[in-house]
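# Residue-level structure breakdown
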Amino acid sequence: MKETKEIKFKPTFFSEEQRIVLDQEFIEFYKSPNDTNPVKFSKLEIDSIRYSIQRVFINTIYFIDIKDSEGKIIKFNIRSIHNIKY
């Protein structure tokens, strides 16, 4: 049974909503709600994943980078103020 997970998020409070689709076979990243050409990697193409957390005074910034074997990178940052998830 295949299960697909779709995650919608806003990197900052005033930015457009972005979407990432996680499937057992691939990962897709949409930069905006109207994005017709998302970045898509097969699970076999994923070369590396890097993530980090930076805390600055009242902000927490989550950095996630996913790189494929051809060198294309999906980068997204999520900011949270006082650890409030929006």
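Let us look at the structure shown here. What you see is a predicted model; the values in this text were computed from it and never measured.

Now for the nonpolar core. If you look at the biggest cluster of nonpolar residues, it comprises eight residues: Phe 9, Ile 20, Ile 27, Phe 29, Phe 41, Ile 66, Ile 74 and Phe 76. Elements represented by at least two residues in this core include exactly β3 (26-30) and β7 (73-81). Residue contacts for Phe 9: discarding those within four places in its chain leaves Glu 16, Glu 17, Gln 18, Arg 19, Ile 20, Phe 29, Phe 76 and Ile 78.

A separate point is the packing of aromatic side chains. A ring pair, where both rings are aromatic, is described by two values, the distance of the centres and the angle of the planes. Under the definition given, this model contains two aromatic pairs. For the ring pair Phe 9 and Phe 76, a centre distance of 5.4 Å and an interplane angle of 35 degrees mean the geometry is tilted. Taken together, the positions of Phe 9 in strand β1 (residues 5-9) and Phe 76 in strand β7 put the pair 67 residues apart, joining distant regions of the chain. When sorted by exposure, Phe 9 lands in the same class as Phe 76, which is buried. Between Phe 29 and Phe 76, the ring centres sit 5.5 Å apart and the planes meet at 20 degrees, which makes this aromatic pair stacked. Taken together, the residues span a long stretch of sequence, with Phe 29 in strand β3 and Phe 76 in strand β7 at a distance of 47 residues. As far as burial versus exposure is concerned, Phe 29 and Phe 76 are alike and both buried. Above the plane of the ring of Tyr 30 lies Arg 19, whose end atom (NZ or CZ) is 3.9 Å from the centre. We note Lys 40 situated over the ring of Phe 26; from NZ or CZ to the ring centre the distance is 4.3 Å.

This part is about unusual backbone geometry. With a phi angle near 50 degrees, Phe 57 is a residue other than glycine that sits in the positive phi range. By secondary structure assignment, the location of Phe 57 is in the loop between β5 (46-56) and β6 (59-68).

Let's shift gears to the sheet that holds β1. Reading across from one edge, β1-β2-β3-β4 is the order of the four strands in this open sheet, with antiparallel pairing throughout. In this open sheet, the two edge strands, each paired with only one partner strand, are β1 and β4 (39-42). Geometrically, the sheet is characterised by an average inter-axis angle of 10 degrees between neighbouring strands, direction not taken into account. Inspection of the sheet shows β1 paired to strand β2 (residues 18-22) by five bridges, in the antiparallel sense. Following the sheet pairing, Ile 7 is matched in β2 by Ile 20.

Parameters at a glance
- Residues numbered from 1 in each chain as written.
- Predicted model: local features only at pLDDT ≥ 70, side-chain atom pairs only at ≥ 80, totals over all residues.
- Heavy atoms only, no water.
- Core = buried A, V, L, I, M, F, W, Y, C linked by side-chain atoms within 4.5 Å.
- Buried < 20%, exposed > 50% of the residue type's maximum accessible area, 1.4 Å probe, protein only.
- Helix = DSSP H or I, 4+ residues; strand = E, 2+ residues; numbered from the N terminus.
- Contact = heavy atoms within 4.5 Å.
- Phe/Tyr/Trp six-rings, centres within 6.5 Å; stacked < 30°, edge-to-face > 60°.
- Lys NZ or Arg CZ within 6 Å of the ring centre and 35° of its normal.
- Pairing = 2+ DSSP bridges.
- Axes fitted to C-alpha atoms, helices over the stretch in contact; angles between N-to-C directions.

Nothing here speaks to function; it is all geometry.
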